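So the chains spell out like this:
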Amino acid sequence: MTSTVISTYLHETSKAKADVVLEGDSYKINYYDARGELFKTEPFPGKSVWYVESAAENWALGIKQLNG
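Here's what I pulled together on the structure shown here.

Cut-off values and rules
- Residues numbered from 1 in each chain as written.
- Predicted model: local features only at pLDDT ≥ 70, side-chain atom pairs only at ≥ 80, totals over all residues.
- Heavy atoms only, no water.
- Helix = DSSP H or I, 4+ residues; strand = E, 2+ residues; numbered from the N terminus.
- Buried < 20%, exposed > 50% of the residue type's maximum accessible area, 1.4 Å probe, protein only.
- Lys, Arg positive; Asp, Glu negative; His and termini not counted.
- Salt bridge = Lys/Arg side-chain N within 4 Å of Asp/Glu carboxyl O.
- Contact = heavy atoms within 4.5 Å.
- Pairing = 2+ DSSP bridges.
- Axes fitted to C-alpha atoms, helices over the stretch in contact; angles between N-to-C directions.
- Core = buried A, V, L, I, M, F, W, Y, C linked by side-chain atoms within 4.5 Å.

### Observations concerning the side chain of Glu 53
For step 1, the next point in the chain: Relative to the elements of secondary structure, Glu 53 occurs in helix 1 (residues 49-60).
For step 2, the next point in the chain: Buried within the structure, Glu 53 lacks any salt-bridge partner; Lys 17 is the closest side chain of opposite charge, at an N-O distance of 14 Å.
For step 3, the next point in the chain: Glu 53 has contacts with Ile 6, Ser 7, Tyr 9 and Val 20, leaving out every residue within four places of it along the chain.

Here's what the structure looks like:
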């Protein structure tokens, strides 16, 4: 399945980042730590690109917390 990075958000206080990815017909966020290692993938089936980008931006600003 083809994956395309739509946008990237850098965390406000660390060098971590979140990539919004289109995979097939749904979006997900891949979260990377400061070393660039993937530590979590969060799927968003049925959500719009705007919804997923808002979630990634909220994480980058420290509003959205990741659990688990």
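### Brief notes about the sheet that holds strand 1 (residues 3-10)
For step 1, the next point in the chain: In space, the four strands of this open sheet follow the order 1-2-3-4, with antiparallel pairing throughout. Every interior strand has two partners, whereas the edge strands, strand 1 and strand 4 (38-44), have only one. The mean angle between the axes of side-by-side strands here comes to 20°, regardless of whether they run parallel or antiparallel.
For step 2, the next point in the chain: Of the pairings in the sheet, the one linking strand 1 to strand 2 (residues 17-23) comprises seven bridges and is antiparallel in character. Following the sheet pairing, Leu 10 is matched in strand 2 by Lys 17.
For step 3, the next point in the chain: Contacts from helix 1 reach strand 1, strand 2, strand 3 (26-32) and strand 4, with the element oriented near 35° to strand 1.

### Comments concerning the nonpolar core
For step 1, the next point in the chain: Core analysis: the biggest nonpolar cluster contains 14 residues, and Ala 18, Val 20, Ile 29, Val 52, Ala 56 and Trp 59 have the highest contact counts within it.
For step 2, the next point in the chain: Residue assignment for this core shows that the elements contributing at least two residues are strand 2, strand 3 and helix 1.
For step 3, the next point in the chain: Looking at which element gives the most residues to this core, the answer is helix 1, with six residues.
For step 4, the next point in the chain: Sequence-distant contacts of Val 52, defined by excluding residues within four places in its chain, comprise Val 20, Tyr 27, Lys 28, Ile 29, Phe 44 and Lys 47.

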